[in-house]
Amino acid sequence: MKKIKIKQALVLICISLFALSCSKSDDEVEVIAGVPTAYSAVNLTDSGFTANWTRVYRADKYLVDVSTTADFSTLIPSYNELAVNALTLDISGLNAGATYYYRVRAVRGALISVYSNVIATEIISTGPEPTTALKEAANFKVGMIVRSTALTGQTSDIILREFDNITSEYEMKMDKMYPSKGTYDFTAVDKIVKYATDNKLNLHGHALIWHNATPDWVKNFTGTDAEFEIMVKEYITTVVTRYKGKVKSWDVVNEAVDDGSGNPLRNSVFKQKMGDDYIKKCYQWARAADPDCKLFYNDYNFASSTTKRAAIFKIADALKVDNLIDGLGAQMHISYKGPAASEIQAVVDGTVSRKLLMHFSELDIQANPDNDLKVLTPERAILQKNKYKEVVKIFNSIPTANQYALTVWGMRDSESWLLDFWGHIDWPLMYNNDYSVKKAHTGFLEGLK
Ligand code: G3I
């Protein structure tokens, strides 16, 4: 009897010590009072996670429980009271895409804290992404931009494996094709046209008239307005005729709608010297040069601005009167935050209702629009993936007769124009710098299902 009493006393002491310890100051173990909070990256990845404990001093180890239910009625045996020394849990045994609940207790000697709060999270696989070729999975043309100086090596391998439509990123613009008065330079374009022809790729011409790619001699034209108009007609006729039958479509005019000034048309040198109907004249000349070429009008913020969307549709309606337009290009320089699916759908609906072809012509999706990241975190990669999936799903639902192509504006993140444009790091595209596919590429594939 006596022995048992001593034991009971000891147990009592332990319990009281333990109870005391929970409220003791720093010189004793101040074990968890139940507040481990995972970092902002609440999701776990294959490489484990680090939960940021608070109010824990000198804990020897932690006991972790992982469950598939919040009440911990379905404990995962290998994680039940798993003793871990660091604040990192190896979750390689758990399934990516599943949601798990975890709780911890801190331990020091014989002292064990109360349970922490429960944190639920889905495990994001950082394992290899599926590498299905996009053009094999899509029922529409999938496009990539090209440069005449990068039509070889892994860039070309990926283009030929995954894409069936190409757009020149910058070499089929006036400032490059017509650098000085009366002197054309088709060197780069001829290379791109040959690459497209040799590899049976659909080549989209971008862009005959664009205020941002107008050579200086045109911006500072020294002749009369009548001479200016003749020059523009000759330029469009020369270029479209040269590539007749090879360039299957042209953005005849790009970004003519003004942003926010209230004037529907940007005050470009073409508008100033040829009048508001410069747009119609350019499409007339392009149509005359190659009646079989699909003529597009292309612009940005088509989804995000209702004002701009209305102005673009007004241009399309005017050109349709004389059958001068075949399609609209929505550039789709967007971010994981927006525009909303409903706004993108409005672009599609307005285009389809006008019996025009839809080209999502320059898709890239910023993962870091607010410059709040220094690296692409797993959860931001997931958000970007979901946006790619959403955009592709919308395009995939367009009636086949109205689908022209979905073109992504760049291959590897490091090559994106956005990095210079915004001056901070971002990862807007579908391929890593080592050409491996990202979650964004998986999102594109999932949008096709
Ligand atoms: O590669 C040459 C390099 O060899 C040369 O030394 C250097 C200096 O002349 O130029 C380099 O080419 C530049 C190219 O980007 C590659 O960096 C061109 O000058 C420059 O004009 C070109 O800018 C392009 C820009 O349009 C203007 O044409 C961007 O690549 C291209 O992404 C951007 O794309 C536009 C779309 O056409 C229309 N929608 C908006 C979009 C982004 O601005």
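What you see is a predicted model; the values in this text were computed from it and never measured.

(A) Highlighting the overall build of the protein. Assigned secondary structure in the protein consists of 14 helices and 18 strands. The buried share among the 449 residues of the protein stands at 51%. For the protein, contacts bridging at least 24 residues in sequence account for 72% of all contacts bridging at least 6. In the structure as shown, the protein presents an accessible area of about 20,300 Å², 54% of it carried by carbon and sulfur atoms.

(B) Highlighting unusual backbone geometry. Note that the residue after His206, namely Ala207, is joined by a cis bond; omega there is 0°. Omega for the bond connecting Gly338 with Pro339 falls within 30 degrees of zero, at 5°, which places this linkage in the cis form. Position of Pro339 among the secondary structure elements: in the loop between β16 (333-335) and α11 (341-353). Non-glycine residue Phe72 carries a positive phi angle of around 60°. Relative to the elements of secondary structure, Phe72 occurs in the loop between β4 (61-67) and β5 (82-84). The buried category is assigned to Phe72, whose relative accessible area is 7%. Backbone geometry at Tyr435 places phi at a positive 70°, although glycine is not the residue there.

(C) Examining the packing of helix α12 (residues 378-396) against helix α14 (residues 439-447) more closely. The geometry of α12 relative to α14 is characterised by a closest axis approach of 7 Å and an angle of 30° between their N-to-C directions. The orientation of α12 relative to α14 falls into the category roughly parallel. Once α12 is placed against α14, the crossing between them reads as right-handed. For the pair α12 and α14, contact is made by Ala381, Ile382, Gln384, Lys385, Tyr388, Lys389, Val392, Lys393 and Asn396 and by Lys439, Ala440, Thr442, Gly443, Phe444, Glu446 and Gly447, respectively. Residue classes in the contact of α12 with α14 are distributed as six nonpolar, five polar and five charged.

(D) Summary view of the site of the ligand. The local shell around the ligand holds 14 residues, among which Glu169, Lys173, His206, Glu362 and Trp409 are the closest. Between Lys176 and the ligand, the recorded distance is 3.1 Å, taken from a side-chain N or O atom to an oxygen atom. Protein burial of the ligand: of its 790 Å² of free accessible surface, 56% is covered by the chains. Considering only residue class, the shell around the ligand consists of four nonpolar, four polar and six charged.

Cut-offs and rules
- Residues numbered from 1 in each chain as written.
- Predicted model: local features only at pLDDT ≥ 70, side-chain atom pairs only at ≥ 80, totals over all residues.
- Heavy atoms only, no water.
- Helix = DSSP H or I, 4+ residues; strand = E, 2+ residues; numbered from the N terminus.
- Buried < 20%, exposed > 50% of the residue type's maximum accessible area, 1.4 Å probe, protein only.
- Contact = heavy atoms within 4.5 Å.
- Areas by Shrake-Rupley, 256 points an atom, 1.4 Å probe, with all protein chains shown as cover.
- Axes fitted to C-alpha atoms, helices over the stretch in contact; angles between N-to-C directions.
- Parallel < 35°, antiparallel > 145°, perpendicular 65-115°, else oblique.
- Left-handed = near helix turned anticlockwise from the far one by under 90°.
- Nonpolar A, V, L, I, M, F, W, Y, C, P; charged D, E, K, R; others polar.
- Near = heavy atom within 4 Å.
- Polar contact = N/O pair within 3.5 Å; in protein donor to acceptor, adjacent residues only side chain to side chain.

It is worth stressing that arrangement in space is one thing and function is another; only the former is reported here.
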